[in-house]
Amino acid sequence: MDTRAVNARASTTTQPHRGSAPARRVFVLGATGTIGQATVRSLLRRGHEVVCFVRSRAGAGGKLTPSDSANLLVGATLRYGDVADPVSLVRDGFRGERFDALVSCLASRTGAPKDAWRIDYQAHAEALAAAREAGVTHFVLLSAICVQKPLLAFQHAKLAFERELIGSGLRYSIVRPTAFFKSLSGQIERVRQGKPFLIFGDGRLTACKPISDGDLGDYLADCLHDASRFDRVLPIGGPGAAITPRQQGEQLFALLGQPPRFKQVPVGMLDAIIGILRVLGWILPAAAAKAELARIGRYYATESMLVLDPATGRYDAEATPSTGRETLFDFYARLVKGDAAPERGDHAVF
Ligand SMILES: NC(=O)c1ccc[n+]([C@@H]2O[C@H](COP(=O)([O-])OP(=O)(O)OC[C@H]3O[C@@H](n4cnc5c(N)ncnc54)[C@H](OP(=O)(O)O)[C@@H]3O)[C@@H](O)[C@H]2O)c1
């Protein structure tokens, strides 16, 4: 199914970006995800021709029908198939046509080891081969800043593909963003209901420079013409200073006009949960999968989403580049007013 004709009628909502570089033919993976949607909008605003390869049941929990996806990605051409199947990728996706660039926001929705290796590594490796056949000369990859300290299966899977892309000889831009707004907005409802804001330790164990979906979409789209982003691994955060979970809670209480109330959760509790699930995992595969999710939770409770200085082993806010305009606290203000809604995905922990 090709929705280009349907979408072309509605494409007036995405005006070409003034002063942009020549339009390219861009093949997009992961277009139905949070950052994928924002990136497609940015690419279209810059006047590119965008072809998205998506699942016929997309979105968290497969809740999006083809027409839902088409409504989310107005102005782009949608093609349906299975990105994890190299035959489908070529037959239903590239279809023997030429493309200039591939932009991938594809990522395992669960972060579970098997899915991460299948999607974050294997599907990308197949897409790289197919893209080369289709004449693609530039591969823009959405990765994650946390791969600089890989302790989790999904981080190893992402890194394995990053290495393959770097060694491929194709022009690459590997974008490693800090935390997304949706990952830092999960507690607004409990705070609104008068419950305390949950923090690990004293709430100052970690910090990040949150980046909005739109600012990251623009950054990814601009990789296609900004030569300073060619053949580079690009850590990137949003505007302003780094903020801790405690500061996030304080700001939410201030916006809601409530005195700050925190509940401190010891990191040791996560360790105990991981230990129990790991032992249960020897006999129950479901418990092993939950143990990996708990390990992911522990990682984000204790590691900052900032550039890591390899010399000192410390996270460095000053060394973490910034882009864009929207701050997390602008977004919280919109959430509190009801002008925005937090998105909850399959893996709310990250
Ligand atoms: N959350 C954060 O704070 C954060 C921070 C830095 C970096 N990151 C990284 O950013 C990346 C993207 O994040 P996001 O929030 O935009 O992800 P997301 O909303 O979960 O979207 C993932 C995309 O990948 C697609 N996908 C997943 N499994 C698939 C499969 N088996 N077959 C076909 N398509 C599949 C999804 O398609 P469907 O809609 O069909 O499922 C969706 O389009 C991830 O790599 C994440 O590690 C996240």
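Details of the structure are given in the entry above.
Sequence order sets the numbering: in each chain, residues are counted from 1 along the sequence as written. Under the rules for a predicted model, residues below a pLDDT of 70 receive no local features and side-chain atom pairs below 80 are neither given nor counted, while totals for whole chains, interfaces and linings still include all residues. Side-chain calculation: all heavy atoms of the structure are included, whereas hydrogens and water are not.

A. Main features of the sheet that holds strand E6 (residues 171-177). Taken in spatial order, the seven strands of this open sheet run E3-E2-E1-E4-E5-E6-E8, and their pairing is parallel. If you trace the sheet from one side to the other, it starts and ends with strand E3 (77-80) and strand E8 (232-236), each paired once. With strand direction ignored, the average angle separating the axes of adjacent strands in the sheet is 20 degrees. Strands strand E5 (138-142), E6 and E8 of the sheet are contacted by helix H8 (residues 213-222), whose axis makes an angle of about 165 degrees with E6. A pair of strands counts as paired when DSSP detects no fewer than two bridges linking them. Here a helix means four or more residues in a row that DSSP labels H or I, a strand means two or more in a row labelled E, and each is numbered from the N terminus. Inter-axis angles, ranging from 0 to 180 degrees, are taken between N-to-C directions of lines fitted to C-alpha atoms, where helices are fitted over the stretch in contact. Any two residues having at least one pair of non-hydrogen atoms within 4.5 Å are treated as being in contact.

B. A look at the pairing of strand E7 (residues 197-200). Under the scheme applied here, a residue whose accessible area is under 20% of the maximum for its type counts as buried, over 50% as exposed, and between as partly exposed, the area being computed with a 1.4 Å probe on protein chains only. A one-sided burial pattern is seen for E7, the buried positions being Phe197 and Ile199 and the unburied ones Leu198 and Phe200. Two elements, E7 and strand E9 (residues 262-265), share four bridges in a ladder whose sense is parallel. Residue pairing for E9: Leu198 is matched across the bridge by Lys263.

C. Representation of the packing of helix H6 (residues 153-166) against helix H11 (residues 285-302) within the structure. Direction vectors running N to C along H6 and H11 enclose 80 degrees, while the axes themselves pass 10 Å from each other. By the criterion of interaxial angle, the relationship of H6 to H11 is roughly perpendicular. Packed against H6, whose contacting residues are Ala153, Phe154 and Gln155, the element H11 presents Glu292, Ile296, Tyr299 and Tyr300 at the interface. The residue makeup of the contact of H6 with H11, split by class, is five nonpolar, one polar and one charged. Angles are sorted into four bins: roughly parallel if under 35 degrees, roughly antiparallel if over 145, roughly perpendicular if 65 to 115, and oblique for all others. Gly is put with the polar residues, along with every residue not named as nonpolar or charged; the nonpolar set is Ala, Val, Leu, Ile, Met, Phe, Trp, Tyr, Cys and Pro, and the charged set is Asp, Glu, Lys and Arg.

D. Molecular detail of the environment of Leu198. As for its placement among the helices and strands, Leu198 is situated in strand E7. Leu198 sits in the partly exposed class, given a relative accessible area of 33%. In this structure, Leu198 is in contact with Gln187, Arg190, Lys263 and Val265, ignoring residues within four places of it in sequence.

E. Region of the structure containing the packing of helix H5 (residues 113-133) against H6. Relative to each other, H5 and H6 sit at 10 degrees, their axes nearing to 8 Å. On the basis of the axis angle, H5 is roughly parallel to H6. Residues Pro113, Ala116, Trp117, Asp120, Tyr121, His124, Ala125 and Leu128 of H5 touch H6, and the partners they reach there are Ala153, Phe154, His156, Ala157, Lys158, Ala160, Phe161, Glu164 and Leu165. Each residue belonging to the contact of H5 with H6 can be placed in one class, and the counts come to 12 nonpolar, two polar and three charged.

F. Up close: unusual backbone geometry. In the Ramachandran plot, Arg95 falls in the positive-phi region, its phi being about 50 degrees despite a non-glycine side chain. With respect to the secondary-structure elements, Arg95 resides in the loop between helix H4 (86-94) and strand E4 (101-104). Arg95 sits in the partly exposed class, given a relative accessible area of 34%. Although it is not a glycine, Asp231 sits at a positive phi angle of roughly 55 degrees. With respect to the secondary-structure elements, Asp231 resides in the loop between H8 and E8.

G. Region of interest: the pattern of salt bridges. Any carboxyl oxygen of Asp or Glu that lies within 4 Å of a side-chain nitrogen of Lys or Arg is treated as forming a salt bridge with it. Using the criterion set out here, one finds 18 salt bridges in the structure. Its salt-bridge partner being Asp120, residue Lys158 comes within 2.8 Å of it at the nearest N-O pair. Here Lys158, found in helix H6, pairs with Asp120, found in helix H5; they are 38 residues apart in sequence, far enough to count as distant. Given the relative accessible area of 4%, Asp120 is considered buried.

H. Local environment of the environment of Val103. Within the secondary structure layout, Val103 lies in strand E4. Between the alpha carbons of Val103 and Ala221 there is a distance of 8.2 Å; along the sequence they are 118 residues apart.

I. The arrangement of helix H10 (residues 267-281) in detail. The end-to-end C-alpha distance of H10, which contains 15 residues, comes to 21 Å, matching closely the 21 Å that a straight helix rising 1.5 Å per residue would cover. Every buried residue belonging to H10 is among Val267, Leu270, Ile274, Leu277 and Gly281, and all of these are buried. End-on, the buried residues of H10 take up no more than an arc of 85 degrees, which puts them together on one face. Expected helix span is taken as 1.5 Å per residue step, with the number of steps being one fewer than the number of residues. To obtain the arc, one takes the directions from the helix axis to the C-beta atoms.

J. Geometry of the nonpolar core. The definition of a nonpolar core used throughout is a set of buried Ala, Val, Leu, Ile, Met, Phe, Trp, Tyr and Cys residues joined through side-chain atoms within 4.5 Å. Ranked by size, the top nonpolar core spans 56 residues in total, and within it Phe27, Leu29, Leu89, Phe94 and Leu102 carry the most contacts. Sort the elements by how many residues they give to this core and H5 lands first, with nine residues. Excluding residues that lie within four positions of it along the chain, Leu102 makes contacts with Phe27, Leu29, Phe94, Ala127, Ala131, Val136, His138, Phe139 and Val140. Val54, Leu73, Leu220 and Ile236 belong to the second-largest nonpolar core, a separate cluster that totals 31 residues.

K. Seen up close, a nonpolar patch on the surface. Distance thresholds for patches are 9 Å for like charges and 5 Å for nonpolar side chains (Val, Leu, Ile, Met, Phe, Trp, Tyr), applied to residues having over 30% relative accessible area and no salt bridge. Using a 1.4 Å probe, the Shrake-Rupley method yields the accessible areas, and only the shown protein chains count as cover for residues. A cluster of nonpolar side chains, Ile276, Leu280, Ile283 and Leu284, forms an exposed patch at the surface whose accessible area comes to about 400 Å². Assignment of secondary structure puts Ile276 in helix H10.

L. Geometry of the side chain of Asp215. Residue position: Asp215 is located in helix H8. Positive charge is attributed to Lys and Arg, negative charge to Asp and Glu, and no charge count is given to His or to the chain ends. Although Asp215 is buried, it makes no salt bridge; Arg325 carries the closest opposite charge, 5.5 Å away. Polar contact is defined as a pair of N or O atoms within 3.5 Å, subject to the rule that within protein one atom must be able to donate a hydrogen and the other to accept it, and that residues adjacent in sequence are counted only when both atoms are side-chain atoms. Polar contacts involving the side chain of Asp215 include one to the main-chain amide nitrogen of Glu326, which spans 3.0 Å. Excluding residues that lie within four positions of it along the chain, Asp215 makes contacts with Pro239, Thr323, Gly324, Arg325 and Glu326.

M. Main features of the side chain of Glu162. As for its position among the elements, Glu162 is in helix H6. What Glu162 contacts, discounting residues up to four positions off in sequence, is Leu141, Ser143, Val147, Ile174 and Arg176.

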